[in-house]
Amino acid sequence: MVNRVKEVLGIEKPVIQGAMAFTSLSPLVSAVSNAGGLGVLGLGYMPKDASIAEINQTKKLTEKPFAVNAIMQEGIVEQADEVLTATKPPVVYADAMRLNGALCQKYFPRWHKLGMKIIVKASYLADAVTAEKAGADLVVVKGWEGGGHVSFESTMALVPQVVAAVNIPVVAAGGIVDGHSSAAAFALGAEGIEMGTAFLVADELPINDKAKQAIIAAGDMATAEVSYANDAPFRMIANNLSDQIKDLEATHLKAEAAQKEAGLDAKTIKMGMYQGDTQNGAIMVGQDLSLIKETKSVKQIIADVLQDTKNVLHSLENVEL
Ligand SMILES: Cc1cc2nc3c(=O)[nH]c(=O)nc-3n(C[C@H](O)[C@H](O)[C@H](O)COP(=O)(O)O)c2cc1C
């Protein structure tokens, strides 16, 4: 059976490395694309010139398809459009906490005309439907388990609902890290997987080794969801910082807490990921941590998860029902 994710994106393996703001930059992205998956630059709120430089650097490191994230929010997407028009990467990865249909209708035809494929990252069924209507080529559906900003429904609940509602290929994300979770994604109707947390321990990702070791050491129940005050909650390894944010939100009115939290993610990700301050900085991760046991090359991460997926899918043929 033809895999539409590989076909649409022109990649060899149905594996996407999710956009990770301040983290998935040219070294990781090019390694994923060179290994046959789709690397996604997480440019987040990076200034225009730095974004263009990062895309050009990625082009130097890989000739394979890669994607660039564009935050679909008024006031932010305009700069992303300028960056995309100047650089024309093979794929755009449009993300937003809530998708604005009008913005998609405005920009997707432009980006298609420039030769780019369009992935939409959806955390809600309605967003996936909006994405298809606006002409997206593929939708990544991310459940509550995943790293980064948290949505509200689990991968298990969300993926089959989206598969039933749209015709474009669906890629599942959130809590996928091994053969079992990946096989489950395909069983739910997804045609590919997206992983974020699993790639945080990749040899090619130049974050502080203390952050990688904190991920490897973490067990189950090790994450906290914080920053609900500004309606963009994110999941991180529970530590002093997550306790402080929870305390702030419990003792302040929402608007006051939101004001104090503005810009906190950018500052604390730097402390956690790059300076290795695992107690006072943020290490954004998904709930699948305890299955991550060692650092590996990107190529090995992808090869292992796909081989294990095949093994699990074959073993299911023997399940007695
Ligand atoms: C450190 C980190 C930063 C992230 N930043 C973004 C982002 O900027 N945009 C986005 O769409 N998703 C972001 N995500 C979500 C990932 O793209 C991906 O969907 C998610 O990690 C998948 O779940 P998993 O971590 O369980 O594999 C981030 C995830 C992590 C771990």
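Residues numbered from 1 in each chain as written. Predicted model: local features only at pLDDT ≥ 70, side-chain atom pairs only at ≥ 80, totals over all residues. Heavy atoms only, no water.

## Points about helix α3 (residues 48-61)
- Here α3 is 14 residues long and its end C-alpha atoms lie 20 Å apart, about the 20 Å a rise of 1.5 Å per residue gives.
- Considered for burial, the residues of α3 that qualify are Ser51, Ile52, Glu54, Ile55 and Thr58. The arc that holds the buried residues of α3, viewed along the axis, is 160°, so those residues lie on one side. Pointing more than 90 degrees away from the buried face of α3 are the exposed residues Asp49 and Lys60.
- On the buried face of α3, the contacting elements are α2 (26-34), β2 (39-41), β3 (66-71) and α4 (77-87). (Helix = DSSP H or I, 4+ residues; strand = E, 2+ residues; numbered from the N terminus. Expected span 1.5 Å × (residues − 1). Buried < 20%, exposed > 50% of the residue type's maximum accessible area, 1.4 Å probe, protein only. Arc of directions from axis to C-beta. Contact = heavy atoms within 4.5 Å.)

## Digging into the environment of Gln79
- Mapping Gln79 onto the fold places it in helix α4.
- Taking C-alpha positions, Gln79 is 8.5 Å from Pro47, a pair spaced 32 residues apart along the chain.
- Setting aside residues no more than four positions away along its own chain, Gln79 makes contact with Met46, Pro47, Lys48 and Ser51.

## With respect to the site of the ligand
- Close to the ligand lie 22 residues, the nearest being Ala19, Gly175, Glu194, Gly196 and Thr197.
- The separation between an oxygen atom of the ligand and a polar side-chain atom of Thr197 is 2.5 Å.
- In this structure, Asp288 approaches the ligand through a side-chain N or O atom, which is 3.0 Å from an oxygen atom.
- The cavity that encloses the ligand is the largest pocket. (Near = heavy atom within 4 Å. Polar contact = N/O pair within 3.5 Å; in protein donor to acceptor, adjacent residues only side chain to side chain. 1 Å grid on protein atoms, 1.4 Å probe; cavity = no way out; pocket = protein on both sides within 12 Å on 5 of 7 lines; lining within 4 Å. Sits in = over half its atoms within 2 Å of the grid points.)

## Notes on the domain arrangement of the protein
- Split by domain assignment, the protein resolves into domain 1 (4-204 + 294-316) and domain 2 (219-284).
- For domain 1 versus domain 2, the separation of C-alpha centres amounts to 24 Å.
- With 11 residues of domain 1 at the interface, the matching set in domain 2 holds 13 residues.
- With both chains or domains summed, domain 1 and domain 2 bury close to 1100 Å², and 63% of this area falls on carbon and sulfur atoms.
- Of all residues in domain 1, Phe22, His149 and Val150 give up the largest surface area on contact with domain 2, accounting jointly for 42% of the area buried on that side.
- The tally of links between domain 1 and domain 2 comes to 0 salt bridges.
- At the boundary of domain 1 and domain 2, one finds 5 residue pairs in polar contact (both at pLDDT 80 or more). (Domains from an automatic or database assignment. Buried area = accessible area lost by both parts, 1.4 Å probe. Salt bridge = Lys/Arg side-chain N within 4 Å of Asp/Glu carboxyl O.)

## Remarks on a nonpolar patch on the surface
- Where nonpolar side chains cluster on the molecular surface, the patch consists of Leu313, Leu316, Val319 and Leu321 and spans about 430 Å² of accessible area.
- In this fold, Val319 is placed in the segment after α13 (298-315). (Patch = residues over 30% accessible without salt bridge, like charges linked within 9 Å, V, L, I, M, F, W, Y side chains within 5 Å. Areas by Shrake-Rupley, 256 points an atom, 1.4 Å probe, with all protein chains shown as cover.)

## Description of the packing of α3 against α4
- One can describe the packing of α3 onto α4 by two numbers: an axis separation of 10 Å at closest approach and a directional angle of 35°. Judged by the twist between their axes, the crossing of α3 over α4 is right-handed. Residues Lys48, Ser51, Ile52, Ile55, Asn56 and Lys59 of α3 pack against Gln79, Glu82, Val83, Ala86 and Thr87 of α4.
- Of the residues belonging to the contact of α3 with α4, the class tally is 4 nonpolar, 4 polar and 3 charged. (Axes fitted to C-alpha atoms, helices over the stretch in contact; angles between N-to-C directions. Left-handed = near helix turned anticlockwise from the far one by under 90°. Nonpolar A, V, L, I, M, F, W, Y, C, P; charged D, E, K, R; others polar.)

## Here's the deal with the side chain of Glu194
- Take Glu194: it is sitting in strand β9 (residues 192-195).
- Within the local environment of Glu194, its side chain forms a polar contact with the side chain of Tyr93, the two groups lying 2.7 Å apart.
- With near-sequence residues (within four places) excluded, Glu194 lies in contact with Ile16, Gln17, Gly18, Tyr93, Lys121, Val140, Val171, Ala172, Ala173, Gly174 and Ile176.

## Some remarks on the sheet that holds strand β11 (residues 234-237)
- Sheet architecture is open: 3 strands sit in the order β7-β11-β10, paired in antiparallel fashion. Each of the sheet's edge strands pairs with one partner strand only, and the pair in question is β7 (148-149) and β10 (223-226).
- By the bridge criterion, 4 bridges tie β10 to β11 in an arrangement that is antiparallel. Directly across from Glu225, in β11, lies its bridge partner Arg235.
- Of the strands in this sheet, β10 and β11 are in contact with helix α10 (residues 240-251), which crosses β10 at around 35°. (Pairing = 2+ DSSP bridges.)

## Describing the layout of surface pockets
- Its boundaries defined by the atoms lining it, the largest pocket holds a volume of some 900 Å³.
- If you go around the largest pocket, you meet 47 residues; those closest to its centre are Ala19, Asp95, Lys142, Gly148 and His149.
- Every element with two or more residues in the lining of the largest pocket is listed here: β3, β4 (91-95), β7, β9, α11 (254-261) and α12 (264-274).
- Grouping the constituent residues of the lining of the largest pocket by class yields 22 nonpolar, 18 polar and 7 charged.
- What the second largest pocket holds in volume is close to 260 Å³.
- Lining the second largest pocket we find 14 residues, and of these Val177, Leu291, Ile292, Lys296 and Asp304 sit closest to its centre.
- Here the lining of the second largest pocket takes 4 residues from α13, the largest share from any one element.
- By residue class, the composition of the lining of the second largest pocket is 8 nonpolar, no polar and 6 charged. (Points joined across faces, edges and corners; volume = space filled by probe spheres on them.)

## Concerning the packing of aromatic side chains
- Counted by the stated rule, this structure contains 2 aromatic pairs.
- Judged by centre distance (5.5 Å) and plane angle (25°), the ring pair of Tyr107 and Trp111 falls under stacked. One end of the pair, Tyr107, and the other, Trp111, are both in helix α5 (residues 101-113), 4 residues apart, so they sit about a helical turn from each other. As far as burial versus exposure is concerned, Tyr107 and Trp111 are alike and both buried. (Phe/Tyr/Trp six-rings, centres within 6.5 Å; stacked < 30°, edge-to-face > 60°.)

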